[in-house]
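Architecture at a glance
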Amino acid sequence: MVPQSPVLVVVIPLICAFLTLLFGWWRKGLCYPITLVSLSSSFLASLHTLHAVITTGTIHYHLGNWEPPWGIEYVVDHLNAFVLAIVSFVSLVVAISSKRSVEQELPEKIVYFYCVFLLQVTGLLGIVVTGDMFNLYVFLEIASLAGYALIAIGEDGAPFASFNYLIFGTIGACFYLLGVGYLYVISGSLNMADLSQILPGLYQSKVVLVAFAFFMVGVSLKMALFPLHVWLPDAYTYAPSTVSALLAPLMTKVGAYVMIRVMFTVFKPYFSIELIPVTAVLSWMAAGAILFGAVMALAQIDLKRMLTYILVSEVGYIALGVGLANRQGLTGAILHILNDSFMMLALFLVVGAVMYRSGEREIPQLRYLHRRMPFTMAAFVIAALSVIGIPPTCGFFSKWYLILGAIAASQWVFVAVLLISSLLNVILFFRVIEHAYLEPHEEHASGGLELAIATEEAPLSMLIPTLIATAGIMVFGVLSGKIISTIIQFAVPTSF
Amino acid sequence: MFDFILSKYNYWIYIILMMIGFYAMIGKKNLVKKIIGINIFQTAIILFFISTAAKRGGTLPIVEHAHGHGIHHIHAASYINPLPHVLMLTAIVVMVSTLGVALAIVIAIYRRYNTLEEDEILEQRKWSRSPLF
């Protein structure tokens, strides 16, 4: 039992970010191993934290031994221990796969890339672990600023896409900060647990309502919830492949975590559900996100851009689970944070590997890909089945809970939306699979071309992370019952 | 009505400043003007935080000889609240880093497109895209 494990999760990548800079000046090749070591130890610490939370319950860590309402406190309960393990594992997998594609795409910027990469992970982990509203803002900005920088070093359109993201991200963060300010003015506290004690007496106050509105808009901007998603497709399309693989699974999910935290911990569930009808609005926005993302994805020719619109749609699933505001719905939402992280990780790693080998990602150009890269494409198909929601994969189970939640809330429109989006996803992915797997008839008959296509599978350092992510999709599908019974059922507020 | 505005003039100024910044971020076409908008927006938030801490007739929150010099009766109402100031020090650091990142990105954009006008950049991007779009 290491009592420092919650803080170690954040501090190790933070310190190693500066070590990479220091050692990078001396030897460029040292950056990659330092990143791997720091993220592995951070992952071990987060696993240790998760284990401690499961066995002993919520952990409180007082930074510098300052007592909670005055000092900053890290609070780890079932919900954030779970998200913490996801974030640290996904970032470790992305770091392993980064070596070759960073060497190819950003040969001169390796040192700075790993430094900012680790700062990005630090920010994401910090958002999840902290129990203090203002500290969360600081980590949010660390993660966002690192994100702007990482996206801006991408291909041609990246700086402009990153600038747009910066404008929207700054508005989101400023709204969050204003929300913190309003809560501080009325309650005199910044500690989440303290706030949830003080606020119920003040729920009729307009200041609290305004603070809540600022939080919801700010966090929706950060998690790219329709119609505030406009920055996301451009930013994640033009970013370097490693960066897309890191940000797409994590940034939006961490935003969703903050939303759950604010709605159900800082404010009591009955405020968010009964006093103001925010969950109804949220569900309708989420339904819009699910359909809009899927329809827009249909219109895309660029595979990576198509995935970014699918991501918009997946964010909608999580928001819908939160908006349904019952036990099954929220279970589905929290389970979907895990499942979608792994699905997006696998899909974006596959796109990164295809980009690395062929430099192409437009869907009609993917011909013969199943022969050139058989394992990578197999991983793509499994991830696609999971996004569609076919039973043994994990995507099925979170969708199942979301549909159960929609039925329990008697919201038949949302049941229909969930089923329609599954059908749209079938069309979406079949379009890709058709081009990658099925061959034109006449060329097949001539037989001459078959020899010409040699297997050029992605390098092992990219293939193994992709296969780990795919294995995760299958394993979490099989184990989803166990995950719910040991972790998620304690993460859902007891009043549900 | 006039009294209502006058008695809370600091908050009105914060809201007006924030809206000016917000308009510049969304409405202006020039990227540097957008960055200036970000700064006005963030400065307005600093004004909001600082003015919540201020008190008429309040003094610095420093208690002299607080330890071991008899019992002091500390009237919290006569001291201004130091916490929002401290929060804003951190927010200023965040502001400066945002400004730095934004300016670096704008330099990269200028090198690529030779302009900082959003519509001209979009025009150039439209031509550089493949006909499939």
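Because the structure is predicted, anything quoted here is derived from the model rather than measured. (Residues numbered from 1 in each chain as written. Chains lettered and ligands numbered in written order. Predicted model: local features only at pLDDT ≥ 70, side-chain atom pairs only at ≥ 80, totals over all residues.)

With that settled, consider the overall build of chain A. When you go through chain A residue by residue, the secondary structure sums to 21 helices and two strands. Taking 2.2 N^0.38 as the reference for a compact globule, 496 residues should give roughly 23 Å; the C-alpha atoms of chain A span a radius of gyration of 22 Å, in line with that estimate. Sorting the 496 residues of chain A into buried and exposed places 59% on the buried side. For chain A, contacts bridging at least 24 residues in sequence account for 79% of all contacts bridging at least 6. (Helix = DSSP H or I, 4+ residues; strand = E, 2+ residues; numbered from the N terminus. Rg over C-alpha atoms; globule rule 2.2 N^0.38 Å. Buried ≥ 20, exposed ≤ 12 C-beta atoms within 10 Å, placed from the backbone. Contact = placed C-beta atoms within 7 Å.)

Looking only at helices and strands, one finds five helices and zero strands in chain B. Helices and strands appear in chain B in the N-to-C order α-α-α-α-α. Taken across its 133 residues, chain B has 21% of its residues classed as buried. Within chain B, residue pairs in contact and separated by at least 24 positions form 52% of the contacts whose partners lie at least 6 positions apart.

Residue-level contacts link 24 residues of chain A with 27 residues of chain B. At the level of secondary structure, the elements contributing two or more residues to the side of chain A that touches chain B comprise helix 5 (133-152) and helix 6 (158-187) of chain A. Ranked by the residues each element gives to the side of chain A that touches chain B, the list is headed by helix 6 of chain A, at 13 residues. Taken together, the residues of the side of chain A that touches chain B sort by class into 17 nonpolar, four polar and three charged. (Nonpolar A, V, L, I, M, F, W, Y, C, P; charged D, E, K, R; others polar.)

On to the packing of helix 13 (residues 303-324) of chain A against helix 17 (residues 394-408) of chain A. Residue and element names in this part refer to chain A. Here helix 13 crosses helix 17 at 35°, and the two axes come no closer than 10 Å. For helix 13 against helix 17, the interelement crossing comes out left-handed. Of the residues in helix 17, those in contact with Tyr317, Leu320, Gly321 and Leu324 of helix 13 are Leu402, Gly405 and Ala406. Each residue belonging to the contact of helix 13 with helix 17 can be placed in one class, and the counts come to five nonpolar, two polar and no charged. (Axes fitted to C-alpha atoms, helices over the stretch in contact; angles between N-to-C directions. Left-handed = near helix turned anticlockwise from the far one by under 90°.)

In this section: helix 3 (residues 78-105) of chain A. For helix 3 of chain A, with 28 residues, the first-to-last C-alpha span of 39 Å sits near the 40 Å given by 1.5 Å per residue. Ser98 of chain A marks where helix 3 of chain A bends most, by close to 50°. (Expected span 1.5 Å × (residues − 1). Bend = angle between axes of the 7 residues up to and from the residue.)

The next subject is helix 1 (residues 5-26) of chain A. Residues three or four positions apart in an α-helix share a direction because the helix packs 3.6 residues into each turn. Residues and elements named next belong to chain A. In a regular helix each residue adds 1.5 Å, so 22 residues correspond to 32 Å; helix 1 covers 31 Å between its end C-alpha atoms and thus fits that length. Along helix 1, the sharpest kink reaches roughly 25°, centred on Val11 and followed within four residues by the proline Pro13. Of the residues making up helix 1, those classed as buried are Ser5, Pro6, Val9, Val10, Ile12, Pro13, Cys16, Ala17 and Thr20. Looking at the buried residues of helix 1, the elements they touch are helix 2 (31-56), strand 1 (59-62), strand 2 (73-76), helix 3 and helix 4 (110-129).

Attention now moves to the confidence of the model for chain A. Considering every residue of chain A, the mean pLDDT works out to 88; 97% of them sit at 70 or more. For chain A, per-element mean pLDDT is lowest for helix 19 (residues 441-446) of chain A, which scores 53, and highest for helix 5 of chain A, which scores 93. (pLDDT = per-residue confidence, 0-100.)

This part takes up unusual backbone geometry. Trans peptide bonds make up most of the peptide bonds, and negative phi angles are found at most residues other than glycine. Pro227 of chain A follows Phe226 of chain A through a cis peptide bond whose omega is 0°. Residue position: Pro227 of chain A is located in the loop between helix 8 (206-223) and helix 9 (232-238).

So, about the confidence of the model for chain B. Residue-level pLDDT values for chain B average 84, and 88% of them are 70 or greater. For this predicted complex, the interface score ipTM comes out at 0.91, while the overall pTM is 0.92.

Quick look at the environment of Val93 of chain B now. Residues and elements named next belong to chain B. Mapped onto the secondary structure, Val93 falls in helix 4 (residues 82-113). On the neighbour-count criterion, Val93 (12 C-beta atoms within 10 Å) is exposed. As for Val93 and Phe22, which are separated by 71 residues in sequence, their C-alpha atoms are 20 Å apart.

The geometry of helix 5 of chain A relative to helix 4 of chain B is characterised by a closest axis approach of 10 Å and an angle of 10° between their N-to-C directions. If you check the angle between helix 5 of chain A and helix 4 of chain B, you find them roughly parallel. Mapping the contact onto sequence places Phe134, Val138, Glu141, Leu145, Tyr148, Ala149 and Ala152 of chain A in helix 5 of chain A and Leu87, Thr90, Val94, Ser97, Thr98, Val101, Ile105 and Ala108 of chain B in helix 4 of chain B. Taken together, the residues of the contact of helix 5 of chain A with helix 4 of chain B break down into 11 nonpolar, three polar and one charged. (Parallel < 35°, antiparallel > 145°, perpendicular 65-115°, else oblique.)

Turning next to the environment of Ile151 of chain A. Residues and elements named next belong to chain A. Counting through the fold element by element, Ile151 comes out in helix 5. We classify Ile151 as buried; it has 27 C-beta atoms within 10 Å. Counting along the chain gives 11 residues from Ile151 to Ser162, while the straight-line C-alpha distance between them is 5.8 Å. Ile151 has contacts with Ala158, Ala161, Ser162, Tyr165, Ala235, Ala239 and Val243, leaving out every residue within four places of it along the chain.

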